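Chain residues, written in single-letter form:
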Amino acid sequence: QSVLTQPPSASGTPGQRVTISCSGSSSNIGSNTVNWYQQLPGTAPKLLIYNNNRRPSGVPDRFSGSKSGTSASLAISGLQSDDEADYYCAAWDDSLNAYVFGTGTEVTVL
Amino acid sequence: QVQLVQSGAEVKEPGASVKVSCKASGYTFTSSDINWVRQATGQGLEWMGWMNPNSGNTGYAQKFQGRVTMTRNTSITTAYMELSSLTSEDTAVYYCARAAPTVTTAYYHMDVWGKGTTVTVSS
């Protein structure tokens, strides 16, 4: 069972803004930075956001991350068809001494 | 470029063990942890553990303690994950992933992933 909770799905039309929430606790999001991974269908996960709001080289600035207390969010602006993917939040958990992933959110472009 | 190349698909019988390899290239192998993450069909990502290729130190998720072993061969820049006492519940795609260098777990994240190795457990 994941310790980070995400909505199972999110959707929007092309050009819209979509946000995905990630809820944790004081031992993970409350203490450590949050990362987001994008998994396109049939492929390996890819780092999308790290250290709450940093983008790796090559990730468009349409993707942004934020964190407040024990929750975090990923925003996708200017939604495009190739953003259809599963998105996972993740963070280190000090109590479990483990890296924990969120439950995952499937984004659909209508 | 930095890449992790994993071994091919495996089919195992219940009770057997499987050993998956992950060959690193394009960076200093001993400078970054290697993590293993698995994903059953239609399910989410599940972290299994980490290994420091320099020291050989490891850390495993509670769920896999006693059943997983992560090792490495620095001469060929390859990491290994061995999982024993397989059941059908272990059928999944297994990924290796490099952890970006960091001095604290507060900033832990994985910046490079292998393409995955499918392990099927079936009699």
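The coordinates are above.
To keep things clear, this report deals only with the structure shown in the data block. Not measured: the values here are computed from a predicted model. (Residues numbered from 1 in each chain as written. Chains lettered and ligands numbered in written order. Predicted model: local features only at pLDDT ≥ 70, side-chain atom pairs only at ≥ 80, totals over all residues. Heavy atoms only, no water.)

Points about the sheet that holds strand S1 (residues 3-6) of chain B
Residue and element names in this part refer to chain B. Pairing within the open sheet is antiparallel, and its four strands lie in the order S1-S3-S8-S7. Each edge of the open sheet carries a strand with a single partner, namely S1 and strand S7 (68-73). In this sheet, adjacent strand axes meet at a mean angle of 20° when their direction is disregarded. Pairing of strand S3 (residues 18-25) with strand S8 (residues 78-83) involves six bridges; the strand directions are antiparallel. By the bridge assignment for S8, Val18 is matched with Leu83. (Pairing = 2+ DSSP bridges. Helix = DSSP H or I, 4+ residues; strand = E, 2+ residues; numbered from the N terminus. Axes fitted to C-alpha atoms, helices over the stretch in contact; angles between N-to-C directions.)

A few points about the pattern of salt bridges
Residues and elements named next belong to chain B. Enumeration according to the criterion identifies seven salt bridges over all chains in this entry. With its nearest N and O atoms 4.0 Å apart, the salt bridge here joins Lys12 to Glu10. In this structure, Glu46 and Lys63 form a salt bridge, with 2.7 Å as the shortest nitrogen-oxygen distance. Linking Glu46 in strand S5 (residues 46-51) with Lys63 in the loop between strand S6 (58-60) and S7, this pair joins segments that are 17 residues apart in sequence. With relative accessibility at 23%, the residue Glu46 sits in the partly exposed group. Residue classification places Lys63 among the exposed positions, given a relative accessible area of 53%. Residues joined in a network through salt bridges with shared partners are Arg38, Glu46, Lys63, Arg67 and Asp90. (Salt bridge = Lys/Arg side-chain N within 4 Å of Asp/Glu carboxyl O. Buried < 20%, exposed > 50% of the residue type's maximum accessible area, 1.4 Å probe, protein only.)

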